[in-house]
Amino acid sequence: MARTSLKYVIIFVALVGAAGAIFYARRTVPVCAEDGKYMASVADCQAWGLDAKLCKEAVEKARAVAARAAPKTETMFQCELRFTDCFENPAGGFSPRPAFCLRAGGEPTEIRYLEYESDRRNRKKTKEVRID
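Residues numbered from 1 in each chain as written. Predicted model: local features only at pLDDT ≥ 70, side-chain atom pairs only at ≥ 80, totals over all residues. Heavy atoms only, no water.

**As for the sheet that holds strand β6 (residues 124-131)**
Then, number 1: Overall, antiparallel pairing links the four strands, which are arranged β1-β4-β5-β6 in an open sheet. Looking at the sheet topology across the chains shown, the edges are occupied by β1 (37-39) and β6. When strand polarity is set aside, the average angle formed by the axes of neighbouring strands in this sheet is 25°.
Then, number 2: One ladder, built from eight bridges, connects strand β5 (residues 108-118) with β6; its direction is antiparallel. (Pairing = 2+ DSSP bridges. Helix = DSSP H or I, 4+ residues; strand = E, 2+ residues; numbered from the N terminus. Axes fitted to C-alpha atoms, helices over the stretch in contact; angles between N-to-C directions.)

Structure representation (structure tokens):
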């Protein structure tokens, strides 16, 4: 009787560990909904085999959303201290360069940018910020 209970406990612990590992892996990987492709530039888009014109339009749309919604800085230096990659905002200033998911329809969705943050030991780490 005791061996059977121990067997169930071991199986339960293994299942919980496997579920935790799967949850962590799914949480850290940027996944695009509905078979979209994750990209940040025209070159990334073309590497997926999409048309150059479609890629350019998608990048411009994602940048327009980031220019409207993401924080702006006055100089490129300030921007690069706070974000991993920046572009010049047409309205003035600099904004973080967005990454996004692109589906076959051509509309960029799930737009994100990477921001630096420091941990307790003052080490730089990146944090993904989603623009909704």
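Past the structure itself, the notes keep going.
**Some points on helix α3 (residues 52-69)**
Then, number 1: In a regular helix each residue adds 1.5 Å, so 18 residues correspond to 26 Å; α3 covers 26 Å between its end C-alpha atoms and thus fits that length.
Then, number 2: Within α3 the residues assigned to the buried category are Cys55, Ala58, Val59, Ala62, Ala66 and Ala67.
Then, number 3: Contacts made by the buried residues of α3 are with α2 (42-47), β2 (86-88), β3 (94-96), β4 (99-102), β5 and β6. (Expected span 1.5 Å × (residues − 1). Buried < 20%, exposed > 50% of the residue type's maximum accessible area, 1.4 Å probe, protein only. Contact = heavy atoms within 4.5 Å.)

**Points about the confidence of the model for the protein chain**
Then, number 1: In the predicted model, the protein chain carries a mean pLDDT of 84, and 92% of its residues have values of at least 70.
Then, number 2: Considering each helix and strand of the protein chain separately, the mean pLDDT is smallest for helix α1 (residues 2-28), with a value of 76, and largest for β3, with 94. (pLDDT = per-residue confidence, 0-100.)

**Let's talk about the state of the cysteines**
Then, number 1: What the rule picks out here adds up to two disulfides.
Then, number 2: In this model, Cys45 is linked to Cys55 through a disulfide, with the two sulfur atoms separated by 2.0 Å. Across the disulfide from Cys45 to Cys55, rotation about the S-S bond amounts to roughly -75°, and the bridge is consequently left-handed. One end of the pair, Cys45, is in helix α2; the other, Cys55, is in helix α3, and 10 residues separate them in sequence. You'll find Cys45 and Cys55 in the same group, each marked buried. (Disulfide = S-S within 2.5 Å.)

**Quick notes on the nonpolar core**
Then, number 1: Phe100, Leu102 and Ile131 are the most contacted members of the largest nonpolar core, which totals 19 residues.
Then, number 2: Residue contributions to this core peak at six residues, all from α3.
Then, number 3: When neighbours within four sequence positions are excluded, Leu102 is seen to be in contact with Gly36, Lys37, Met39, Cys45, Leu50, Ala58, Glu107 and Pro108. (Core = buried A, V, L, I, M, F, W, Y, C linked by side-chain atoms within 4.5 Å.)

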